[in-house]
Amino acid sequence: MMPRSVLSRCAPCMLRPLEAPFRYLFGPGPSNVPPRILAAGGRPIIGHMHSEMFGIMNDIKKGIQYAFQTSNNMTLAMSGSGHTAMECAVFNIVEPGESVLVAINGIWGERVAEIAERMGAKVHTLFKTPGGHFTNAEIEQALAKHKPVLFFLAHGESSSGLVHPVDGVGDICHKYNCLLLVDSVASLGAAPLLMDQQNIDILYTGSQKALNAPPGTAPISFSERACHKMFNRKTKPVSYLLDMTHLSNYWGNDGKPERKYHHTGPVSGFFALRESLAILAEMGLENSWSHHTEVAEYLWKGLEDLGLKLFIKDKDLRLPSVTTIAIPEGYDWKELLAYIMKHHQIEFTGGLGPSVGMVLRIGLMGYNCNKANAAMALAALEDALKQCRKSKA
Ligand code: PMP
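Residues numbered from 1 in each chain as written. Predicted model: local features only at pLDDT ≥ 70, side-chain atom pairs only at ≥ 80, totals over all residues. Heavy atoms only, no water.

**Observations regarding the sheet that holds strand S4 (residues 122–127)**
So, step 1. Reading across the sheet, the 7 strands line up as S2-S10-S9-S8-S5-S3-S4 and stay open at both edges, with mixed pairing between neighbours. The open sheet has two free edges, formed respectively by strand S2 (74–79) and S4, since each of these has just one partner strand. Sheet twist, expressed as the mean angle between neighbouring strand axes with direction ignored, is 20°.
So, step 2. Pairing analysis gives 6 bridges linking strand S3 (residues 99–104) to S4, with the strands arranged parallel. (Pairing = 2+ DSSP bridges. Helix = DSSP H or I, 4+ residues; strand = E, 2+ residues; numbered from the N terminus. Axes fitted to C-alpha atoms, helices over the stretch in contact; angles between N-to-C directions.)

In structure tokens form, the structure reads like this:
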């Protein structure tokens, strides 16, 4: 045994109890987790390879199939946040040197372009400033020009508060032998999206937004077309952890009789995710969509009554889960956010990536999405607008 004097001492903070304050999480995520989901995540864990765990993973698969409106067999949850699903999609579908087209109208296109570039893809972009969206004609023109194997579109662009139209995009992609990858991290459960009907090849989301589970798991699904491409590649994907040949076996999707150890899945995270998907199934997708719209409209009206300007002018293009407000003239947005956090324990956020300095963001998702919370958010903002000095800049 080592003599005690050789060991360095642990920092005193580790000898104090854990402290985590209560906050109203009314930003773009994570959102507050309801007691039922917290309780599910707090259950004693079982082994990640126990038959009961495989049963829970099978339930999760059914829950995702419902939430995504897909019958895809290749449906599972990533052990990791939304970024894990983004990387899984790109790493498995694209081989180095292949062409990828990315729609950039906020941070998420930027991220996917970077992920694809890092793994050696030829990245082409379609670009709009935050708040902008692409017509199907613009998308078709770029597909014809660049002949990509994959086209990325964010359905809910949480950095700008835009919900992007998806109708027809899958058909156009398939006409050019391209797969359609859609990000629904911020929109799932809040705005209508139908994976199979809209011909989406790869769809992913995150656990921590309208699903209200803690961050750290990310549902994803692949169409047969996508499976054909990813399971007939010449090179191995750059990531072992995210290799779908292994993950499809771990999730029991590859038809093999035995599931083999690949990695230790986040058991508590999967318990919580199962419960969040069960809550969505009990509520029903249509009810969830209309509820988010109703509360968002109440919030939008309240914001306009305060004299604020919504960043997305066209109501039909506003993301119901994340509302963006143009920063009121003369105010320091950081001061507003700090005031609201200090005096109301409410988190709103500023912009993200290219929308920093352009917007304030309020997210009311799932469990947090109700008129009482919207009223609380409006009262906090009204108070902050009164109290925060107009900046001299
Ligand atoms: N896509 C969108 C639209 C998002 O809003 C987010 C999270 N803010 C992500 C992807 C990334 O998810 P995560 O932070 O869970 O990795």
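**Description of the side chain of Thr-70**
So, step 1. Summarising the element assignment, Thr-70 is placed in the loop between helix H2 (51–68) and S2.
So, step 2. A distance of 2.9 Å separates the side chain of Thr-70 from the backbone nitrogen of Asn-72, its partner in a polar contact.
So, step 3. A distance of 2.7 Å separates a polar atom in the side chain of Thr-70 from a polar atom in the side chain of Asp-196.
So, step 4. Excluding residues that lie within four positions of it along the chain, Thr-70 makes contacts with Gln-65, Thr-75, Met-195, Asp-196 and Ser-221. (Polar contact = N/O pair within 3.5 Å; in protein donor to acceptor, adjacent residues only side chain to side chain. Contact = heavy atoms within 4.5 Å.)

**Observations concerning the site of the ligand**
So, step 1. The local shell around the ligand consists of Ser-81, Gly-82, His-83, Trp-108, Gly-156, Ser-158, Asp-183, Val-185, Ala-186, Gln-208 and Lys-209.
So, step 2. With respect to the ligand, the side chain of Gln-208 contributes an N or O atom lying 2.8 Å from an oxygen atom.
So, step 3. Notes on the ligand: free accessible area 400 Å², of which the protein chains cover 87%.
So, step 4. Of the residues belonging to the shell around the ligand, the class tally is 3 nonpolar, 6 polar and 2 charged. (Near = heavy atom within 4 Å. Areas by Shrake-Rupley, 256 points an atom, 1.4 Å probe, with all protein chains shown as cover. Nonpolar A, V, L, I, M, F, W, Y, C, P; charged D, E, K, R; others polar.)

**Things to note about the sheet that holds strand S14 (residues 359–363)**
So, step 1. One open sheet holds the 3 strands; their spatial order is S11-S14-S13, and the pairing between them is antiparallel. The two strands at the open ends of the sheet, each matched to only one other strand, are strand S11 (322–326) and strand S13 (349–350).
So, step 2. As paired strands, S11 and S14 are joined by 5 bridges and run antiparallel to one another. Paired with Thr-323 across the bridge in S14 is Ile-362.
So, step 3. Seen against the sheet, helix H10 (residues 285–305) touches S11 and S14 and runs at an angle of roughly 15° to S11.

**Overview of the pattern of salt bridges**
So, step 1. This model, assessed by the stated rule, comprises 12 salt bridges.
So, step 2. If you follow the salt bridges from partner to partner, you end up with Arg-36, Asp-59, Arg-274, Glu-275 and Glu-282 in one network. (Salt bridge = Lys/Arg side-chain N within 4 Å of Asp/Glu carboxyl O.)

**With respect to helix H11 (residues 333–344)**
Each α-helix winds once per 3.6 residues, and so residues spaced three or four apart point in a common direction.
So, step 1. The end-to-end C-alpha distance of H11, which contains 12 residues, comes to 16 Å, matching closely the 16 Å that a straight helix rising 1.5 Å per residue would cover.
So, step 2. Summarising the contacts, the buried residues of H11 are in contact with strand S12 (346–347), S13, S14 and helix H12 (371–387).
So, step 3. Where H11 begins, the side chain of Asp-332 points an oxygen toward the backbone nitrogen of Lys-334, at a separation of 2.9 Å. (Expected span 1.5 Å × (residues − 1).)

**Digging into the environment of Asn-58**
So, step 1. In this fold, Asn-58 is placed in helix H2.
So, step 2. The exposure class of Asn-58 is partly exposed, given its relative accessible area of 36%.
So, step 3. Separated by 18 residues in the primary sequence, Asn-58 and Leu-76 place their C-alpha atoms 8.7 Å from one another.
So, step 4. If we ignore the near neighbours within four places in the chain, the residues touching Asn-58 are Trp-251 and Arg-259. (Buried < 20%, exposed > 50% of the residue type's maximum accessible area, 1.4 Å probe, protein only.)

**So, the UniProt feature "domain: Aminotransferase class V" (unreviewed entry) in the protein chain**
So, step 1. Following the UniProt record, the feature "domain: Aminotransferase class V" (unreviewed entry) maps to residues 24–369 here.
So, step 2. The straight-line gap between the two end C-alpha atoms of residues 24–369 is 12 Å; of that span, 38% is helix and 16% is strand. (UniProt positions renumbered as here; feature names shortened; annotations may be inferred.)

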